[in-house]
Amino acid sequence: MPTKPAAAKTKPAGKKTAESDRVAVRKTYKLYIGGAFPRSESGRSYPVSSPDGRLLAHAAQASRKDLREAVVAARKAFGGWSRATAYNRGQILYRIAEMMEGRREQFAAEVAAADGAAIGPALAEVDAAIDRWVWYAGWTDKWAQIAGGSNPVAGPYFNFSLPEPAGVVGVIAPQDSALLAFVSVVAPALATGNSVVVVAAADKPLPAVSLSEAMATSDLPGGVLNLLTGSVSELAPWLASHRDVNCLDLTGVAPPERVALAEAAADNVKRVYAPSPADLAQGFTGEPGTARLAAFTETKTVWHPMGV
Amino acid sequence: MSKLFEYAPAPESPSIARLKPHYGIFVDGTFRAGRGEAVKTVNPATEEPLAEVAEASAADVDDAVAAARAASEPWAGLPGSVRAKYLFRIARAIQERARELAVLESLDNGKPIRESRDVDVPTAAAHFFYYAGWADKLGYAGFGPNPRPIGVAGQVIPWNFPLLMAAWKIAPALATGNTVVLKPAETTPLTAITLAEIIAECDLPPGVVNVLPGGPAVGQAIVDHPGVDKIAFTGSTAVGKMIQKSVAASGKRLSLELGGKAANIVFDDAALDQAVEGIVNGIFFNQGHVCCAGSRLLVQESIHDEFVAALHDRLATLRLGDPLDKNTDIGAINSAAQLARIRELADSGVAEGADRWSPECALPERGFWFPPTVFTGVSPATRIAREEIFGPVLSVLTFRTPGEAIEKANNTPYGLSAGIWTEKGSRILWMANRLRAGVVWANTFNRFDPTSPFGGYKESGFGREGGRHGLEAYLAH
């Protein structure tokens, strides 16, 4: 049986192709909350198009209630994920890379459609995103050794500090990159043991939704990552003010809109991570460094007397 | 309980503090009267005025920030080894004037001389000594090969450890090449101004450190000042939230060390006498004016009665009174306002059905005093179980299983510290792993060291002070 040319796979799903008259099975792009794929409880959806105006899908338009459900799921999942061994977390993050690799061409087609890009650069972005998971998979059991250590206090005590996940991290994903930037903001928060509620790029949410499907088959416990699609301006204020969210990543919010969100975040002393425009101008292609690992970890220091 | 041995009084002389009638502000290397209000700082043990302080005004804040800005580049440009030498000088000078500083601190704050002498002042000197050594080794600290300072740091500190908090703030800021505008608390400015004297005597370049005594308006002016690049605040969670809101998305860096409601958890296998000592130290050290105070005792149900009885016995031996007496365990409450707050919360404990107990304890006629107080039968939903009292008031709750202890300990918006008392090592580590708090003391409590990072989870703030971690809050990234 002849194999299909790769190019055929880059066409949007659902179109009749020259090679076949078969009517393709189109995908419904849903939310990912607590390990399940619900539509928005509001019943709303919104059209997602490519830059040239081609309709790609109707994505779920998440509501405030969906967001609250996502936070509940993230909190519920936090205990298990934060206490999983670092080795286990690394295995699971690596497994996400494996699952993406197997669907590499699907992701490339979705990135190309979202960005209106050629398939070559899209494939390169997918490869970089996969490699980013591998990079963070390797960090899970190194970070405590880099960020922690023992402290030589002046007394008969053993004293050590270690990084711990801060809790539930709310993330507004970057708006201009559908996949690599999404992975770049989500992976470090997960690697350090946090659970995440992330709002995908409003205009380019589809690759992130497909990624959530890959995550669901990577042994990532349900609720550790929760994905919302929809309007950032509608969802972000509720994420910023939610009392059970510990950290807020405003990477995907333009500086003028950050002020109100950062103010709301102060109500429960959230850790706010908001990289400067100069930092963001560097893009996500270079080696990420440790700033995002540090941003969502707390330092715990434990003392115990030494004696007989 | 048998009657206390009578102790002969052993007071330090107030004259050792070398009090001056007037204190002012320290800006750009010179001392002058501030253009704000002139206020009397009082001895909380007697309500007698100690001195008059000419506080800073908004215009003084402008001057101080301008001086710090002008000093910023030259200071950051000095070789780290030179900055280190200045900090070593300050450490030594604090040690030289340790007794004077200790007496001054006890006069102004009301804390027992034993604590200011044995904890506050030596730890302040040690803090400068520790960070002095970092100044020329920052490239090895794990924050990149060439870490840069942030610029001008505005620092606002509380009244519970006035000199020590000034050291915690100033030492890491200077070591990393930042310059400083520091506001001490309105009720306890004297040791910070004396520290400024020390800094001047150590010949630090003018403008590197500026000290502005004043009230909340001065603090707000520092926080809002466009010339300030970084804010470091230690104080209440309510004010911390206001500051976080003020600097939201402004590009200013922020570190907050806020309130707490720490659980001190005693298991039935704990060494009881040591645990009693630890609980007493945890809540009655510094009159309970400690953000990481162990204000909630969680005691395993099976030993509750025995433990509370032992606690009562121990509390009956505490000596409350003259802060300058070396025998004193519990000094004065820092201010009338704080005393009112403690009274109000303690009354709410009674109103909400808890049982209140204090040892027989004669309170001096003048000054601000509150007896060591223990509430038993405390429901987790009551105010005395949830709110930071910041006074010598302990709330006792019970638990049956380690899991229940964790759940109760973590059931608070705060997350600064926690204590565990058990002889079982694996249980200590299991508990320490699950407690959502920045500092966990196991079989000890209220230990502090310059090498040991300190700071909270959740609404107890963010950022760490002390140790290698404490550098991060003063380095650009």
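Rules behind the numbers
Residues numbered from 1 in each chain as written. Chains lettered and ligands numbered in written order. Predicted model: local features only at pLDDT ≥ 70, side-chain atom pairs only at ≥ 80, totals over all residues. Helix = DSSP H or I, 4+ residues; strand = E, 2+ residues; numbered from the N terminus. Rg over C-alpha atoms; globule rule 2.2 N^0.38 Å. Buried ≥ 20, exposed ≤ 12 C-beta atoms within 10 Å, placed from the backbone. Domains from an automatic or database assignment. Contact = placed C-beta atoms within 7 Å. Pairing = 2+ DSSP bridges. Axes fitted to C-alpha atoms, helices over the stretch in contact; angles between N-to-C directions. Nonpolar A, V, L, I, M, F, W, Y, C, P; charged D, E, K, R; others polar. Parallel < 35°, antiparallel > 145°, perpendicular 65-115°, else oblique. Left-handed = near helix turned anticlockwise from the far one by under 90°. pLDDT = per-residue confidence, 0-100. Expected span 1.5 Å × (residues − 1). Right-handed = clockwise from strand over helix to strand, strands pointing away.

## Describing the overall build of chain B
Turning to step 1, where the next piece is worked out: Within chain B, the regular secondary structure consists of 15 helices and 18 strands.
Turning to step 2, where the next piece is worked out: Its C-alpha atoms give chain B a radius of gyration of 22 Å, within 12% of the compact-globule value 23 Å for 477 residues.
Turning to step 3, where the next piece is worked out: Its C-alpha atoms give chain B principal-axis dimensions of roughly 65 × 50 × 35 Å.
Turning to step 4, where the next piece is worked out: The 477 residues of chain B split such that 60% are buried.

## Observations concerning the domain arrangement of chain B
Residues and elements named next belong to chain B.
Turning to step 1, where the next piece is worked out: Along its sequence, chain B is carved into domain 1 (14–258 + 457–472) and domain 2 (263–442).
Turning to step 2, where the next piece is worked out: Just the C-alpha atoms count here: the centres of domain 1 and domain 2 sit 30 Å apart.
Turning to step 3, where the next piece is worked out: Taken together, the contact between domain 1 and domain 2 spans 22 residues of the former and 27 residues of the latter.
Turning to step 4, where the next piece is worked out: Looking at the side of domain 1 that touches domain 2, the elements that each hand over two or more residues are helix H3 (98–109) and helix H4 (113–134).

## Regarding the sheet that holds strand S8 (residues 247–249) of chain A
All names here are of chain A.
Turning to step 1, where the next piece is worked out: Read from one edge of the open sheet, five strands run S7-S6-S5-S8-S9, paired in parallel fashion. Each edge of the open sheet carries a strand with a single partner, namely strand S7 (225–228) and strand S9 (271–273). The mean inter-strand angle of the sheet, taken between neighbouring strand axes irrespective of direction, is 15°.
Turning to step 2, where the next piece is worked out: By the bridge criterion, three bridges tie S8 to S9 in an arrangement that is parallel. Bridge assignment links Cys247 to a residue of S9, and that residue is Arg271.
Turning to step 3, where the next piece is worked out: Helix-sheet contacts for helix H2 (residues 64–83) involve strand S5 (168–172), strand S6 (195–199) and S7, and the interaxial angle to S6 is about 155°.

## A few points about the sheet that holds strand S15 (residues 393–399) of chain B
Turning to step 1, where the next piece is worked out: In space, the 10 strands of this open sheet follow the order S3(A)-S4(A)-S10(A)-S17(B)-S16(B)-S11(B)-S12(B)-S15(B)-S14(B)-S13(B), with mixed pairing throughout. Every interior strand has two partners, whereas the edge strands, strand S3 (149–150) of chain A together with strand S13 (355–357) of chain B, have only one.
Turning to step 2, where the next piece is worked out: Two strands pair when backbone bridges link them, and strand S11 (residues 263–266) of chain B and strand S16 (residues 417–421) of chain B are joined in this way by four bridges, in the parallel orientation. Paired with B:Val266 across the bridge in S16(B) is B:Trp421.
Turning to step 3, where the next piece is worked out: Sheet strands touched by helix H11 (residues 336–351) of chain B: S13, strand S14 (373–376) and S15 of chain B. Its angle to S13(B), the strand with the most contacts, is close to 135°.

## With respect to the interface of chain B and chain A
Turning to step 1, where the next piece is worked out: Counting residues at the interface gives 34 residues for chain B, matched by 30 residues for chain A.
Turning to step 2, where the next piece is worked out: Elements that contribute at least two residues to the side of chain B that touches chain A include exactly helix H8 (237–246), helix H14 (425–434), strand S17 (439–442) and strand S18 (461–462) of chain B.
Turning to step 3, where the next piece is worked out: Taken together, the residues of the side of chain B that touches chain A sort by class into 15 nonpolar, 12 polar and seven charged.
Turning to step 4, where the next piece is worked out: Looking at chain direction, strand S10 (residues 297–305) of chain A and S17(B) are connected through three bridges and run parallel. Within S17(B), the residue paired with A:Trp303 across the bridge is B:Trp441.

## As for the environment of A:Met306
Turning to step 1, where the next piece is worked out: Mapped onto the fold, A:Met306 is located in the segment after S10.
Turning to step 2, where the next piece is worked out: Along the sequence, A:Met306 and A:Arg54 sit 252 residues apart, while their C-alpha atoms lie 69 Å from each other.

## Points about the packing of helix H4 (residues 104–115) of chain A against helix H8 (residues 206–216) of chain A
Residues and elements named next belong to chain A.
Turning to step 1, where the next piece is worked out: Between H4 and H8, the shortest axis-to-axis distance is 9 Å and the interhelical angle comes to 160°. Comparing the axis directions of H4 and H8 gives the class roughly antiparallel. Read as a crossing pair, H4 and H8 show a hand that is left-handed. Of H8, the residues touching H4 (which contributes Gln106, Phe107, Glu110, Val111 and Ala114) are Leu206, Pro207 and Ser210.
Turning to step 2, where the next piece is worked out: Of the residues in the contact of H4 with H8, the class split is five nonpolar, two polar and one charged.

## Topic: the confidence of the model for chain B
Turning to step 1, where the next piece is worked out: For chain B, the mean per-residue pLDDT works out to 97, and 99% of the residues sit at or above 70.
Turning to step 2, where the next piece is worked out: With pTM at 0.95, the complex prediction returns an ipTM value of 0.96.

## As for helix H3 (residues 86–102) of chain A
Residues and elements named next belong to chain A.
Turning to step 1, where the next piece is worked out: The end-to-end C-alpha separation of H3 is 25 Å, in line with the 24 Å expected for 17 residues at 1.5 Å each.
Turning to step 2, where the next piece is worked out: Along H3, the positions that sit buried rather than exposed are Arg89, Gly90, Ile92, Leu93, Ile96, Ala97, Met99 and Met100.
Turning to step 3, where the next piece is worked out: As for H3, its buried residues are in contact with H4, helix H5 (119–139), helix H7 (180–191) and H8.

## Quick look at unusual backbone geometry
Most peptide bonds take the trans configuration, and most residues that are not glycine carry a negative phi.
Residues and elements named next belong to chain B.
Turning to step 1, where the next piece is worked out: Phi is positive for Ala249, close to 55°, though the residue is something other than glycine.
Turning to step 2, where the next piece is worked out: Within the secondary structure layout, Ala249 lies in the loop between H8 and strand S10 (253–257).
Turning to step 3, where the next piece is worked out: One non-glycine residue, Asn443, lies in positive phi territory at about 55°.
Turning to step 4, where the next piece is worked out: Checked against the element boundaries, Asn443 lands in the loop between S17 and S18.

## As for the pairing of S7(A)
Residues and elements named next belong to chain A.
Turning to step 1, where the next piece is worked out: Burial along S7 is two-sided: Leu225 and Leu227 and Asn226 and Leu228, pointing in opposite directions, are all buried.
Turning to step 2, where the next piece is worked out: Across four bridges, S6 lies against S7 in parallel orientation. Bridge pairing links Val197 to Asn226 in S7.
Turning to step 3, where the next piece is worked out: Read from S6 through H8 to S7, the crossover connection turns out right-handed.

## Considering the environment of A:Tyr94
Residue and element names in this part refer to chain A.
Turning to step 1, where the next piece is worked out: Here Tyr94 is to be found in helix H3.
Turning to step 2, where the next piece is worked out: Along the sequence, Tyr94 and Gly252 sit 158 residues apart, while their C-alpha atoms lie 25 Å from each other.
Turning to step 3, where the next piece is worked out: Once you skip the residues sitting within four places of it in the chain, Tyr94 turns out to touch Val134 and Ala137.

## As for the packing of H4(B) against helix H5 (residues 162–175) of chain B
Residue and element names in this part refer to chain B.
Turning to step 1, where the next piece is worked out: It is at 9 Å that the axes of H4 and H5 come closest, and there the two elements cross at 5°. Comparing their axes, H5 and H4 come out roughly parallel. Across the interface between the two elements, Asp120, Val121, Thr123, Ala124, His127, Phe128, Tyr131, Ala132 and Trp134 from H4 touch Leu163, Leu164, Ala167, Trp168, Ala171, Pro172 and Ala175 from H5.
Turning to step 2, where the next piece is worked out: Along the lines of polarity and charge, the residues of the contact of H4 with H5 split into 13 nonpolar, two polar and one charged.

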